Amino acid sequence: MSILVTGGAGFIGSHTCLNLLESGYDVFVLDSFVNSSPESLARVKSICEKDKKPKRDLHVFKGDLRNASILKDIFTKANEINKKIDGVIHFAGLKSVKESVEKPILYWDANVGSTINLLNVMQSFDCSTIVFSSSATIYGRSSKTKLKENFKLKPINPYGSTKMVIEKLLNDLFVNYSGSWRVANLRYFNPIGAHESGLIGENPKGIPNNIFPFLTNVAAGNLEELRIFGKNWPTIDGTGERDYVHVMDLAEGHVKTLEFLINNGPQCLSMNLGTGKGTSVLQLLNIFEESNSLKIPHTFVERRSGDVARLVADNSLLKSLLNWYPKRTLNQMCKDGWRWQVNNPRGY
Ligand SMILES: NC(=O)c1ccc[n+]([C@@H]2O[C@H](COP(=O)([O-])OP(=O)(O)OC[C@H]3O[C@@H](n4cnc5c(N)ncnc54)[C@H](O)[C@@H]3O)[C@@H](O)[C@H]2O)c1
(Lines give C-alpha, C1' and ligand atoms only; values in the text may rest on other atoms or scores of the structure.)
Protein backbone atom coordinates (compact mmCIF):
# COMPACT_ATOMS: atom_id res chain seq x y z
CA MET A 1 0.00 0.00 0.00
CA SER A 2 1.10 3.56 -0.66
CA ILE A 3 0.57 6.57 1.55
CA LEU A 4 1.07 10.26 0.77
CA VAL A 5 2.53 12.13 3.73
CA THR A 6 2.24 15.92 3.46
CA GLY A 7 4.82 17.73 5.57
CA GLY A 8 6.67 14.42 5.94
CA ALA A 9 10.07 16.06 6.46
CA GLY A 10 8.93 17.83 9.64
CA PHE A 11 9.26 16.71 13.25
CA ILE A 12 6.24 14.41 13.53
CA GLY A 13 6.15 13.65 9.80
CA SER A 14 9.69 12.23 9.65
CA HIS A 15 9.11 9.90 12.62
CA THR A 16 5.80 8.76 11.09
CA CYS A 17 7.42 8.14 7.68
CA LEU A 18 9.91 5.88 9.43
CA ASN A 19 7.15 3.96 11.17
CA LEU A 20 5.17 3.64 7.91
CA LEU A 21 8.20 2.29 6.03
CA GLU A 22 8.95 -0.14 8.86
CA SER A 23 5.32 -1.25 8.83
CA GLY A 24 5.51 -2.14 5.12
CA TYR A 25 4.04 0.93 3.37
CA ASP A 26 5.47 2.75 0.37
CA VAL A 27 5.65 6.43 1.20
CA PHE A 28 5.31 9.54 -0.98
CA VAL A 29 6.24 12.80 0.75
CA LEU A 30 5.32 16.29 -0.35
CA ASP A 31 7.09 19.01 1.61
CA SER A 32 8.10 22.58 0.78
CA PHE A 33 10.84 22.41 3.46
CA VAL A 34 9.67 25.81 4.68
CA ASN A 35 10.18 24.54 8.23
CA SER A 36 12.32 21.45 7.71
CA SER A 37 15.21 19.95 5.80
CA PRO A 38 15.35 17.11 3.25
CA GLU A 39 18.13 15.68 5.41
CA SER A 40 15.51 14.35 7.87
CA LEU A 41 14.21 12.01 5.16
CA ALA A 42 17.71 10.99 4.09
CA ARG A 43 18.21 9.92 7.70
CA VAL A 44 14.89 8.07 7.76
CA LYS A 45 16.19 6.09 4.78
CA SER A 46 19.48 5.36 6.51
CA ILE A 47 17.71 4.09 9.67
CA CYS A 48 15.60 1.74 7.50
CA GLU A 49 18.70 0.47 5.73
CA LYS A 50 20.43 -0.26 9.06
CA ASP A 51 17.36 -2.07 10.39
CA LYS A 52 17.47 -4.47 7.43
CA LYS A 53 13.67 -4.65 7.36
CA PRO A 54 12.05 -5.54 3.99
CA LYS A 55 12.61 -2.48 1.85
CA ARG A 56 9.76 -0.12 0.99
CA ASP A 57 10.12 2.92 -1.22
CA LEU A 58 10.35 6.50 -0.04
CA HIS A 59 9.64 9.07 -2.79
CA VAL A 60 10.30 12.68 -1.86
CA PHE A 61 8.83 15.68 -3.73
CA LYS A 62 9.63 19.30 -3.01
CA GLY A 63 6.66 21.60 -3.43
CA ASP A 64 3.95 23.64 -1.80
CA LEU A 65 0.67 21.95 -0.97
CA ARG A 66 -1.17 24.98 -2.34
CA ASN A 67 0.14 24.06 -5.78
CA ALA A 68 -2.39 21.66 -7.34
CA SER A 69 -0.20 20.66 -10.26
CA ILE A 70 2.56 19.16 -8.11
CA LEU A 71 -0.04 17.21 -6.14
CA LYS A 72 -1.57 15.86 -9.34
CA ASP A 73 1.91 14.91 -10.57
CA ILE A 74 2.50 12.85 -7.43
CA PHE A 75 -0.81 10.96 -7.69
CA THR A 76 -0.18 10.40 -11.43
CA LYS A 77 3.37 9.18 -10.88
CA ALA A 78 2.17 6.78 -8.19
CA ASN A 79 -0.42 5.35 -10.59
CA GLU A 80 2.19 4.98 -13.36
CA ILE A 81 4.42 2.84 -11.17
CA ASN A 82 1.47 0.77 -9.91
CA LYS A 83 1.60 2.29 -6.44
CA LYS A 84 -1.79 4.03 -6.34
CA ILE A 85 -2.01 6.24 -3.27
CA ASP A 86 -4.43 4.60 -0.84
CA GLY A 87 -4.47 7.24 1.86
CA VAL A 88 -3.00 10.52 3.08
CA ILE A 89 -1.50 11.55 6.39
CA HIS A 90 -1.73 15.32 6.38
CA PHE A 91 0.88 17.06 8.55
CA ALA A 92 1.83 20.02 6.34
CA GLY A 93 0.98 23.36 7.86
CA LEU A 94 2.26 26.23 9.94
CA LYS A 95 2.08 25.74 13.69
CA SER A 96 3.24 28.82 15.60
CA VAL A 97 0.43 30.24 17.73
CA LYS A 98 2.32 33.51 18.09
CA GLU A 99 2.91 33.91 14.34
CA SER A 100 -0.73 33.04 13.64
CA VAL A 101 -1.84 35.97 15.80
CA GLU A 102 0.47 38.29 13.83
CA LYS A 103 -0.36 36.83 10.38
CA PRO A 104 -3.84 35.28 10.38
CA ILE A 105 -4.26 35.44 6.58
CA LEU A 106 -1.02 33.53 6.08
CA TYR A 107 -2.25 30.83 8.48
CA TRP A 108 -5.68 30.49 6.86
CA ASP A 109 -4.03 30.25 3.44
CA ALA A 110 -1.23 27.88 4.47
CA ASN A 111 -3.40 25.58 6.59
CA VAL A 112 -6.97 25.80 5.24
CA GLY A 113 -6.22 26.83 1.62
CA SER A 114 -3.68 24.04 1.22
CA THR A 115 -6.07 21.47 2.70
CA ILE A 116 -8.84 22.44 0.24
CA ASN A 117 -6.35 21.97 -2.58
CA LEU A 118 -5.32 18.58 -1.22
CA LEU A 119 -8.91 17.38 -0.83
CA ASN A 120 -9.81 18.44 -4.39
CA VAL A 121 -6.90 16.48 -5.82
CA MET A 122 -7.57 13.47 -3.58
CA GLN A 123 -11.16 13.40 -4.78
CA SER A 124 -10.17 13.58 -8.43
CA PHE A 125 -7.86 10.58 -7.91
CA ASP A 126 -10.48 8.61 -5.99
CA CYS A 127 -8.54 8.71 -2.73
CA SER A 128 -10.77 9.31 0.30
CA THR A 129 -8.80 8.16 3.35
CA ILE A 130 -7.16 10.88 5.41
CA VAL A 131 -5.56 11.22 8.83
CA PHE A 132 -5.31 14.88 9.79
CA SER A 133 -3.00 16.58 12.33
CA SER A 134 -5.33 18.49 14.56
CA SER A 135 -4.47 19.92 17.93
CA ALA A 136 -5.60 20.22 21.53
CA THR A 137 -5.59 24.01 20.96
CA ILE A 138 -9.06 23.69 19.43
CA TYR A 139 -10.64 23.12 22.84
CA GLY A 140 -12.05 26.08 24.70
CA ARG A 141 -10.64 26.98 28.07
CA SER A 142 -11.68 24.36 30.57
CA SER A 143 -11.15 23.72 34.23
CA LYS A 144 -11.80 20.02 33.70
CA THR A 145 -8.89 17.75 34.57
CA LYS A 146 -8.97 15.87 31.28
CA LEU A 147 -10.31 16.96 27.91
CA LYS A 148 -12.78 14.69 26.16
CA GLU A 149 -13.42 14.79 22.42
CA ASN A 150 -17.00 16.01 22.91
CA PHE A 151 -15.97 19.09 24.90
CA LYS A 152 -16.83 22.47 23.45
CA LEU A 153 -14.48 23.57 20.66
CA LYS A 154 -13.53 27.20 21.07
CA PRO A 155 -10.02 28.01 19.86
CA ILE A 156 -8.57 31.26 21.10
CA ASN A 157 -6.06 31.99 18.32
CA PRO A 158 -6.02 31.80 14.48
CA TYR A 159 -3.84 28.66 14.49
CA GLY A 160 -6.47 26.81 16.53
CA SER A 161 -9.26 28.22 14.34
CA THR A 162 -7.63 26.78 11.20
CA LYS A 163 -7.43 23.33 12.83
CA MET A 164 -11.06 23.43 13.97
CA VAL A 165 -12.35 24.55 10.57
CA ILE A 166 -10.41 21.81 8.75
CA GLU A 167 -12.00 19.25 11.07
CA LYS A 168 -15.42 20.68 10.15
CA LEU A 169 -14.60 20.58 6.45
CA LEU A 170 -13.56 16.92 6.71
CA ASN A 171 -16.76 16.13 8.58
CA ASP A 172 -18.77 17.86 5.79
CA LEU A 173 -17.05 15.67 3.21
CA PHE A 174 -17.93 12.55 5.16
CA VAL A 175 -21.57 13.58 5.65
CA ASN A 176 -22.22 14.85 2.13
CA TYR A 177 -20.52 12.24 -0.04
CA SER A 178 -22.65 9.24 0.96
CA GLY A 179 -20.13 8.13 3.51
CA SER A 180 -17.29 7.37 1.13
CA TRP A 181 -14.69 9.31 3.14
CA ARG A 182 -12.62 7.73 5.90
CA VAL A 183 -11.42 10.54 8.15
CA ALA A 184 -9.51 10.69 11.43
CA ASN A 185 -8.73 13.98 13.11
CA LEU A 186 -5.98 13.35 15.63
CA ARG A 187 -5.84 16.01 18.31
CA TYR A 188 -2.26 16.03 19.54
CA PHE A 189 -1.20 17.20 22.94
CA ASN A 190 2.55 17.82 23.46
CA PRO A 191 4.79 15.60 21.33
CA ILE A 192 8.43 15.61 22.49
CA GLY A 193 11.54 13.38 22.38
CA ALA A 194 13.16 11.88 19.31
CA HIS A 195 13.88 8.54 17.65
CA GLU A 196 16.15 6.45 19.87
CA SER A 197 18.89 6.43 17.19
CA GLY A 198 19.47 10.15 17.77
CA LEU A 199 19.41 10.60 13.98
CA ILE A 200 16.04 12.34 13.64
CA GLY A 201 14.37 14.79 15.99
CA GLU A 202 12.80 18.21 16.39
CA ASN A 203 14.65 20.90 14.47
CA PRO A 204 12.81 24.23 14.77
CA LYS A 205 14.07 27.21 12.81
CA GLY A 206 15.08 30.17 15.01
CA ILE A 207 14.19 30.38 18.70
CA PRO A 208 11.93 27.44 19.59
CA ASN A 209 8.30 28.18 20.50
CA ASN A 210 7.78 24.89 22.29
CA ILE A 211 9.13 24.13 25.72
CA PHE A 212 11.08 20.94 24.98
CA PRO A 213 13.40 22.17 22.18
CA PHE A 214 13.83 25.36 24.23
CA LEU A 215 14.90 23.25 27.19
CA THR A 216 17.38 21.15 25.18
CA ASN A 217 18.85 24.32 23.70
CA VAL A 218 19.36 25.81 27.17
CA ALA A 219 20.97 22.54 28.24
CA ALA A 220 23.29 22.75 25.22
CA GLY A 221 24.25 26.33 26.08
CA ASN A 222 22.64 27.83 22.95
CA LEU A 223 20.09 29.72 25.02
CA GLU A 224 20.75 31.34 28.38
CA GLU A 225 17.91 30.09 30.54
CA LEU A 226 14.51 28.45 30.44
CA ARG A 227 11.76 31.02 30.92
CA ILE A 228 8.78 29.58 32.77
CA PHE A 229 5.61 31.53 32.02
CA GLY A 230 3.75 31.98 35.31
CA LYS A 231 4.18 30.36 38.71
CA ASN A 232 0.69 30.86 40.13
CA TRP A 233 -1.44 28.65 37.90
CA PRO A 234 -3.96 26.47 39.74
CA THR A 235 -1.79 23.34 39.34
CA ILE A 236 0.27 21.11 41.61
CA ASP A 237 3.23 23.52 41.80
CA GLY A 238 1.88 26.66 40.10
CA THR A 239 3.44 25.96 36.68
CA GLY A 240 1.47 24.98 33.57
CA GLU A 241 0.50 21.33 33.24
CA ARG A 242 0.71 19.56 29.86
CA ASP A 243 0.38 16.07 28.45
CA TYR A 244 3.77 15.09 26.95
CA VAL A 245 3.80 12.18 24.52
CA HIS A 246 6.85 10.54 22.93
CA VAL A 247 6.98 11.35 19.21
CA MET A 248 7.48 7.64 18.38
CA ASP A 249 4.31 6.72 20.31
CA LEU A 250 2.57 9.48 18.35
CA ALA A 251 3.95 8.12 15.05
CA GLU A 252 2.74 4.61 15.92
CA GLY A 253 -0.67 6.09 16.73
CA HIS A 254 -0.88 7.43 13.15
CA VAL A 255 -0.13 4.09 11.55
CA LYS A 256 -2.68 2.36 13.81
CA THR A 257 -5.27 5.02 12.96
CA LEU A 258 -4.65 4.63 9.24
CA GLU A 259 -5.03 0.86 9.51
CA PHE A 260 -8.22 1.27 11.51
CA LEU A 261 -9.71 3.46 8.76
CA ILE A 262 -8.60 1.08 6.01
CA ASN A 263 -10.11 -1.93 7.83
CA ASN A 264 -13.31 -0.35 9.14
CA GLY A 265 -14.86 1.57 6.28
CA PRO A 266 -16.18 5.12 5.93
CA GLN A 267 -16.41 7.18 9.10
CA CYS A 268 -15.28 10.48 10.58
CA LEU A 269 -13.45 10.20 13.89
CA SER A 270 -11.92 12.83 16.13
CA MET A 271 -9.56 11.45 18.75
CA ASN A 272 -7.23 12.82 21.39
CA LEU A 273 -3.67 11.59 21.06
CA GLY A 274 -1.96 12.05 24.39
CA THR A 275 -0.88 9.93 27.35
CA GLY A 276 -3.63 11.13 29.68
CA LYS A 277 -0.99 12.10 32.25
CA GLY A 278 -0.36 15.72 33.23
CA THR A 279 3.16 16.97 33.98
CA SER A 280 3.97 20.47 35.19
CA VAL A 281 6.84 22.50 33.74
CA LEU A 282 8.82 22.10 36.97
CA GLN A 283 8.23 18.34 36.98
CA LEU A 284 9.41 18.11 33.36
CA LEU A 285 12.48 20.16 34.22
CA ASN A 286 13.32 17.88 37.18
CA ILE A 287 12.90 14.71 35.12
CA PHE A 288 15.04 16.15 32.31
CA GLU A 289 17.77 17.11 34.80
CA GLU A 290 17.70 13.72 36.52
CA SER A 291 17.53 11.65 33.32
CA ASN A 292 20.50 13.42 31.80
CA SER A 293 22.48 14.41 34.93
CA LEU A 294 22.28 18.09 34.04
CA LYS A 295 21.29 21.36 35.65
CA ILE A 296 19.11 23.78 33.68
CA PRO A 297 19.17 27.47 34.56
CA HIS A 298 15.62 28.78 34.68
CA THR A 299 13.64 31.84 35.62
CA PHE A 300 9.97 32.71 36.15
CA VAL A 301 8.34 35.35 33.97
CA GLU A 302 4.79 36.65 33.44
CA ARG A 303 2.10 34.37 32.06
CA ARG A 304 1.72 34.53 28.26
CA SER A 305 -1.64 35.67 26.95
CA GLY A 306 -3.61 32.75 25.56
CA ASP A 307 -1.95 30.14 27.79
CA VAL A 308 -4.05 27.84 29.95
CA ALA A 309 -3.29 26.12 33.25
CA ARG A 310 -3.80 22.55 32.14
CA LEU A 311 -4.13 20.65 28.86
CA VAL A 312 -4.38 16.91 29.46
CA ALA A 313 -6.02 14.33 27.19
CA ASP A 314 -8.76 11.91 28.01
CA ASN A 315 -7.37 9.28 25.65
CA SER A 316 -9.88 6.52 26.39
CA LEU A 317 -11.43 6.67 22.88
CA LEU A 318 -8.14 6.09 21.10
CA LYS A 319 -7.15 3.34 23.53
CA SER A 320 -10.41 1.47 23.15
CA LEU A 321 -10.74 1.84 19.37
CA LEU A 322 -7.14 1.29 18.35
CA ASN A 323 -5.67 -0.59 21.26
CA TRP A 324 -2.98 2.12 21.33
CA TYR A 325 -1.06 2.65 24.54
CA PRO A 326 1.85 5.04 25.02
CA LYS A 327 4.87 2.81 25.66
CA ARG A 328 7.57 5.34 26.42
CA THR A 329 8.09 7.15 29.73
CA LEU A 330 8.92 10.79 30.34
CA ASN A 331 12.37 9.68 31.34
CA GLN A 332 12.83 8.11 27.90
CA MET A 333 11.41 11.20 26.16
CA CYS A 334 14.01 13.31 27.98
CA LYS A 335 16.89 10.96 27.22
CA ASP A 336 15.99 10.52 23.54
CA GLY A 337 15.42 14.27 23.04
CA TRP A 338 18.76 15.11 24.66
CA ARG A 339 20.62 12.46 22.62
CA TRP A 340 19.25 14.07 19.43
CA GLN A 341 20.41 17.52 20.61
CA VAL A 342 23.90 16.32 21.59
CA ASN A 343 24.43 14.40 18.34
CA ASN A 344 23.12 17.29 16.20
CA PRO A 345 24.17 20.54 17.88
CA ARG A 346 23.29 22.54 14.76
CA GLY A 347 20.28 20.45 13.75
CA TYR A 348 20.26 18.79 10.33
N1 LIG B 1 4.48 19.66 17.28
C2 LIG B 1 3.40 19.94 18.01
O3 LIG B 1 3.51 20.26 19.19
C4 LIG B 1 2.03 19.86 17.39
C5 LIG B 1 0.90 19.85 18.25
C6 LIG B 1 -0.37 19.79 17.67
C7 LIG B 1 -0.52 19.74 16.30
N8 LIG B 1 0.58 19.76 15.50
C9 LIG B 1 0.40 19.74 14.04
O10 LIG B 1 1.07 18.62 13.50
C11 LIG B 1 1.59 18.91 12.20
C12 LIG B 1 3.06 18.57 12.16
O13 LIG B 1 3.71 19.27 13.20
P14 LIG B 1 5.30 19.25 13.36
O15 LIG B 1 5.60 19.53 14.77
O16 LIG B 1 5.88 18.06 12.71
O17 LIG B 1 5.65 20.56 12.51
P18 LIG B 1 6.83 20.83 11.47
O19 LIG B 1 6.84 22.28 11.21
O20 LIG B 1 8.08 20.19 11.94
O21 LIG B 1 6.31 20.03 10.18
C22 LIG B 1 5.42 20.58 9.24
C23 LIG B 1 5.99 20.28 7.88
O24 LIG B 1 5.10 20.81 6.87
C25 LIG B 1 5.88 21.48 5.89
N26 LIG B 1 4.99 22.49 5.29
C27 LIG B 1 4.43 23.56 5.89
N28 LIG B 1 3.64 24.21 5.03
C29 LIG B 1 3.70 23.53 3.85
C30 LIG B 1 3.06 23.70 2.58
N31 LIG B 1 2.22 24.70 2.34
N32 LIG B 1 3.35 22.82 1.60
C33 LIG B 1 4.19 21.78 1.84
N34 LIG B 1 4.82 21.57 3.02
C35 LIG B 1 4.55 22.44 4.02
C36 LIG B 1 7.07 22.05 6.64
O37 LIG B 1 8.17 22.31 5.80
C38 LIG B 1 7.35 20.92 7.63
O39 LIG B 1 8.22 19.97 7.10
C40 LIG B 1 1.28 20.38 11.95
O41 LIG B 1 0.11 20.45 11.16
C42 LIG B 1 1.00 20.93 13.34
O43 LIG B 1 0.10 22.01 13.31
C44 LIG B 1 1.85 19.82 16.02
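This one's a predicted model, so the numbers in the text were calculated from it and none came from an experiment.

What counts, and where the lines are drawn
Numbering of residues starts from 1 in each chain and follows the order in which that chain's sequence is written. Reporting of local features is limited, given that this is a predicted model, to residues whose pLDDT is at least 70; pairs of side-chain atoms are given and counted only at 80 or more, and all residues count toward the totals for whole chains, interfaces and linings. Helix and strand definitions here come from DSSP, where helices need a minimum of 4 consecutive H or I residues and strands a minimum of 2 consecutive E residues; each element is numbered from the N-terminal end. For this measure, only C-alpha atoms enter the radius of gyration; the expected value for a globule follows 2.2 Å times N^0.38, where N is the number of residues. Contact definition: two residues whose C-beta atoms, as placed from backbone geometry, lie within 7 Å. Any residue whose C-beta atom, as placed from the backbone, lies within 6 Å of a molecule or strand is termed near it. Two strands are counted as paired when DSSP detects at least two bridges linking them. Expected helix span is given by 1.5 Å per residue-to-residue step, counting one fewer step than there are residues. Working definition of burial: number of other C-beta atoms within 10 Å of the residue's own, with buried at 20 or more, exposed at 12 or fewer, and partly exposed in between, all C-beta atoms being placed from the backbone. Axis lines are fitted through C-alpha atoms, for helices just across the contact stretch, and the angle between N-to-C directions can take any value from 0 to 180 degrees. An angle below 35 degrees is treated as roughly parallel, one above 145 as roughly antiparallel, one from 65 to 115 as roughly perpendicular, and anything else as oblique. Helix crossings are classified by the rotation of the near helix relative to the far one: an anticlockwise turn of less than a right angle makes the crossing left-handed, while a clockwise turn makes it right-handed. For this classification, Asp, Glu, Lys and Arg are treated as charged, while Ala, Val, Leu, Ile, Met, Phe, Trp, Tyr, Cys and Pro are nonpolar and the rest, including Gly, are polar.

**Regarding the overall build of the protein**
Stage number 1. Check the secondary structure of the protein and you find 11 helices and 14 strands.
Stage number 2. The C-alpha atoms of the protein give a radius of gyration of 19 Å, which matches the 20 Å a tight globule of 348 residues would have.
Stage number 3. Based on the C-alpha atoms only, the size of the protein along its principal axes is roughly 55 × 45 × 40 Å.
Stage number 4. Sequence separation of at least 24 residues holds for 82% of the intrachain contacts in the protein that already meet a minimum separation of 6.

**Some words on the site of the ligand**
Stage number 1. The immediate surroundings of the ligand are formed by 29 residues, with G7, G10, S36, L65 and S133 found nearest.
Stage number 2. Counting residues per element, the ones that place at least two in the shell around the ligand are α1 (11-22), β2 (26-31), α5 (104-124), β5 (129-135) and β7 (190-192).
Stage number 3. Broken down by element, the shell around the ligand gets its largest block of residues, 3 residues, from α1.

**Concerning the sheet that holds strand β9 (residues 241-242)**
Stage number 1. One open sheet holds the 3 strands; their spatial order is β12-β9-β14, and the pairing between them is mixed. Strands at the two margins of the open sheet, each flanked by one partner only, are β12 (279-280) and β14 (310-311).
Stage number 2. As defined by bridge partners, β9 adjoins β14 across 2 bridges and the pair is classed as parallel. Its bridge partner lying in β14, R242 is registered against L311.

**Some thoughts on helix α11 (residues 330-343)**
Stage number 1. Between its terminal C-alpha atoms α11 stretches 20 Å, which fits the 20 Å expected from 14 residues at 1.5 Å a residue.
Stage number 2. L330, M333, C334, K335, D336, G337, W338, R339, W340 and Q341 are the residues of α11 that are buried.
Stage number 3. Check the buried side of α11 and you find it contacts β7, α7 (211-219), β10 (244-246), β12 and α9 (281-292).

**Observations concerning the environment of R56**
Stage number 1. Take R56: it is sitting in the loop between α2 (39-51) and β3 (58-62).
Stage number 2. Owing to 17 C-beta atoms within 10 Å, R56 belongs among the partly exposed residues under this scheme.
Stage number 3. Counting along the chain gives 32 residues from R56 to G24, while the straight-line C-alpha distance between them is 6.3 Å.

**Quick word on the sheet that holds β5**
Stage number 1. Read from one edge to the other, the open sheet built from 7 strands follows the order β3-β2-β1-β4-β5-β6-β11, with strand pairing classed as parallel. Since the sheet does not close on itself, it has two edges, and those belong to β3 and β11 (267-273), each with one partner. Averaged over all adjacent pairs, the angle separating strand axes in this sheet is 15°, with direction ignored.
Stage number 2. Along the sheet face, helix α3 (residues 68-80) touches β1 (2-6), β2, β3 and β4 (85-90) and points at about 165° away from the line of β2.
Stage number 3. Those strands touched by helix α6 (residues 158-176) are β5, β6 (182-188) and β11, and its axis lies near 155° from that of β5.

**Considering the packing of α7 against α11**
Stage number 1. Put simply, α7 and α11 touch, their axes get as near as 10 Å, and they point 55° apart. Taken together, the axis directions place α7 and α11 in an arrangement best described as oblique. The handedness of the crossing between α7 and α11 is right-handed. Contacts from F212, T216 and A219 in α7 reach G337, W338 and Q341 in α11.
Stage number 2. Broken down by class, the residue content of the contact of α7 with α11 amounts to 3 nonpolar, 3 polar and no charged.

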